[in-house]
Structures are given as C-alpha cells and as structure tokens.
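Architecture at a glance
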Amino acid sequence: MGQNQQQQSQKIITIERHVLQTQRLYPEATGRLTNLLYDLALAGKYIASKTSRAGLAQILGHTGQTNVQGEKVMKLDQLADQAIFDLIDHTGRLAVMASEEHENLIPIPEKYPCGEYVLLFDPLDGSSNIDYNVSVGTIFAIHRRKTSQGPGTMADILQPGRTMVAAGYIVYGASTMFVYSTGHGVDGFTLDPDIGEFLLTHPNIRIPEPPQYYSANQGYQSLWSPSVVAYTHWLQGIGSSNHDALSQRYVGSLVTDFHRNMLAGGVYYYPADIEHPQGKLRLLYEAAPLAFIAEQAGGLASNGHDSILDIQPEKLHQRTPLFIGNRSLVTKAEKFINN
Ligand code: P6P
C-alpha cells in the first residue's frame, strides 16, 4: 500500500474502530459497553433511514395516541422507540431500560439474559418538528446497574448523572451525526449514507470560546423570573458594554440547538417559569446525558443552582430547569439567579 493510500486509510475511522481503540486503553474493559455503543449506532442508522424518508413513507403525522407526557405520539416517535428496544433487548448487555415514551421502566424480556448496564433514552426528541422537516434527535445515557443481579429495578434507573459511564446523542439533520463520550472526551461521527457507516469527523469536540449563540424560547419571556429576563438582556448586550452580544438561534429541538452550541459556542436554556415550575425538560434522559457531554467538552449544565449531574433523581420522568453550554455563560446564569 502506497504512503498516500496508507495516509488516506488512516483518515477513515469508523465508529467501530474508534470505540475499539478507546476500549483498548482500559484493560478491565470487557467489550460489553463497546457493543452497546455499536447497538445504538445501528439504531441511529435505522432511525436516520426512516426520518429521511418520513414524508415519502406516509408515516408523517400523529398516531392519534398520547404518551405519558401527555404529548401527541408521532409515528416516528414510536418507530424510534421500538427500534432501540428491538435492537438491544436480547443482547444480554442491559439489566433494564427506560424511555420517554414509556410511563414505567422497560424490563428485559424474561427469555433473555440480564446484563450490567442501564439504558435511558429519549428516542426522538423534538418530534413536534418532524412534519416541518426540522432536525430531530435521539438522546441516551448509560449507567452501570446498582443492584447485583436479576431484573433491573427503579433503583438502577434513578442514578445521578455523575455516575454515568457513557452518554450521547444522534442528530438527524442535513447529515446524521452520532456524538458520544465514555468519560474521556467527546467525539463526533457523520453517517456516510453511501457505505452506511459513521465516520469520525469531529474528534475531541471542545465547546469554543467566545460563544456565538443563545438559545431560548423568548415567546415565554413574560413567564420567566426577573433574573432570567435580566440574564437574557445581558446575553443580548443590553445595558452592558463589557461583552459582545450573542445571536439568538432556537430551533425548538433540544438536540439540534445543543449540537450547534457544542460546535459554535453558546448556551441553551429552558428555565422554570410560571407554567413550568420545574422547567419542561426531563432530567434522566434529556438534561443529564447532555450535561455529561457538555462537561466532557469543557462546558457546564445547571438547573440554575446546582450542576445537573449532581441532582439525585426521585422520579423517572422528573423535569428540571436547564442551562447548558459554555461554562462562562452557565455560571453567569447562576449568578443572575442566585444574587
Ligand atoms: P418549546 C421538544 O419538545 C423539547 O423537548 C426540546 O427538544 C425543545 O428544545 C423544547 O422541548 C421546545 O419547547 O416550549 O419551546 O416548544
């Protein structure tokens, strides 16, 4: 193989090769977490194939059902949720699962062995945007089980983000990207649809400084606390000349807004307000996994007072206010809220 060919081949790093390379750094690694990440990458490829053809496949629109959140269940919501379950339930890697789409925990069917990991996921975040061809995403968190054996329980699910062993998201946009961390930095992979592989395109993602954007639904500003309104004015450069005003970008799809801020620098916030006293976003399978990713990329995630990763969950679908992105912007939000 010529030098140029060798150099070229070294640039093509699939997610399989990357996860294996990472695993080799840890002698105690058994490969089960590696295989679980493969499973999720495969689920991402499958969901991507469906979301890219949603209109053509006449699966747009609602199922007529509502989920535990009281939200209309989009057909793609169900498809994504079922795909992740079907690809992983029989592998022996999980003790238990939990999904935004299911009121209670999802047990591993008795005919299959239980494993050491716990998977929490939002199968298709931002699904209200599907009909308008706006990017949506999958979010996942992986913990080690706390119970010693047998079927996993709620005790295995209600763990703080600080104990997470891996987290990631898949964004189905102009291209499909798989972004994950096992606690040793954040790496991003782009799906090459011609070969059906995720290829390493964004190694060692770090949230850049200075930040460019702030992402919030200012349609709710009248419901926000005065301190959050003051924080928003600060972000806009109103009344303070000591920093550059940020541009506002808000897609209404957390994964998309978060991903943009990961690459360009910025803060996303969905604060508590009069109508959402605990905020809107879910702690276990939305805020906590993205908080894990943000911290691994040099950023921070807070509920306005404490790190998201330090919150001890009490309920499966518990909500939390969320400020996430550049560490400087999130700590500034905490200062406005706590002074
Ligand atoms: P709003 C989507 O429903 C979601 O959970 C996030 O993806 C998104 O950032 C937020 O809610 C949008 O909520 O109230 O601004 O429409």
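Residues numbered from 1 in each chain as written. Predicted model: local features only at pLDDT ≥ 70, side-chain atom pairs only at ≥ 80, totals over all residues. Heavy atoms only, no water.

Spatial strand order, E12-E11-E13-E15-E14: five strands in an open sheet with mixed pairing. Across the chains shown, the open sheet's two edge strands, defined by having one partner strand only, are strand E12 (247–248) and strand E14 (300–302). In the sheet, strand E11 (residues 213–215) pairs with E12 via two bridges, with the strands oriented parallel. Paired with Tyr214 across the strands is Gln248, a residue of E12. Across the face of the sheet, helix H6 (residues 226–235) comes into contact with E11, strand E13 (266–270) and strand E15 (322–325) while running at roughly 160° to E13. (Pairing = 2+ DSSP bridges. Helix = DSSP H or I, 4+ residues; strand = E, 2+ residues; numbered from the N terminus. Contact = heavy atoms within 4.5 Å. Axes fitted to C-alpha atoms, helices over the stretch in contact; angles between N-to-C directions.)

Our focus in this paragraph is the domain arrangement of the protein. When its domains are assigned, the protein resolves into domain 1 (9–202) and domain 2 (213–338). Relative to domain 2, the C-alpha centre of domain 1 lies at a distance of 23 Å. Listed as interface residues are 49 residues of domain 1 and, on the opposing side, 33 residues of domain 2. Three residues, Leu158, Arg162 and Tyr169, lead the burial of domain 1 against domain 2; their summed loss comes to 23% of the area buried on that side. At the junction of domain 1 with domain 2, the criterion picks out two salt bridges. (Domains from an automatic or database assignment. Buried area = accessible area lost by both parts, 1.4 Å probe. Salt bridge = Lys/Arg side-chain N within 4 Å of Asp/Glu carboxyl O.)

Moving on, we get to the site of the ligand. Taken together, Asp125, Gly126, Asn217, Tyr220, Tyr250, Gly252, Ser253, Leu254, Tyr268, Tyr270, Lys280 and Leu281 make up all the residues around the ligand. Separating an oxygen atom of the ligand from a side-chain N or O atom of Tyr250 is a distance of 2.6 Å. A distance of 2.7 Å separates an oxygen atom of the ligand from a polar backbone atom of Leu254. A total of 400 Å² of accessible area belongs to the ligand in isolation, and the protein chains cover 84% of it. Each residue belonging to the shell around the ligand can be placed in one class, and the counts come to six nonpolar, four polar and two charged. (Near = heavy atom within 4 Å. Polar contact = N/O pair within 3.5 Å; in protein donor to acceptor, adjacent residues only side chain to side chain. Areas by Shrake-Rupley, 256 points an atom, 1.4 Å probe, with all protein chains shown as cover. Nonpolar A, V, L, I, M, F, W, Y, C, P; charged D, E, K, R; others polar.)

Bringing the sheet that holds strand E8 (residues 176–181) into the picture now. An order of E4-E3-E5-E6-E7-E8-E9-E10 is seen for the eight strands of this open sheet, with the pairing classed as mixed. Only two strands of the sheet have a single partner each, and these edge strands are strand E4 (106–107) and strand E10 (197–202). Looking at chain direction, strand E7 (residues 166–172) and E8 are connected through six bridges and run antiparallel. Within E8, the residue paired with Ala167 across the bridge is Ser181. Lying over the sheet, helix H7 (residues 254–264) contacts strand E5 (117–125), strand E6 (136–144), E7, E8 and E10, oriented at roughly 105° with respect to E7.

Below, the discussion takes up the environment of Leu119. Residue position: Leu119 is located in strand E5. When the C-alpha positions of Leu119 and Ile238 are compared, they lie 43 Å apart, and in sequence the two are 119 residues distant.

Here the focus is the pattern of salt bridges. Tallied over the entire structure, the rule returns seven salt bridges. Ionic pairing is found between Arg260 and Asp257, a salt bridge with its closest N-O pair at 3.0 Å. With Arg260 and Asp257 both in helix H7 and three residues apart, the pair spans about one turn of that helix. Classification of Arg260 as buried rests on a relative accessible area of 18%. (Buried < 20%, exposed > 50% of the residue type's maximum accessible area, 1.4 Å probe, protein only.)

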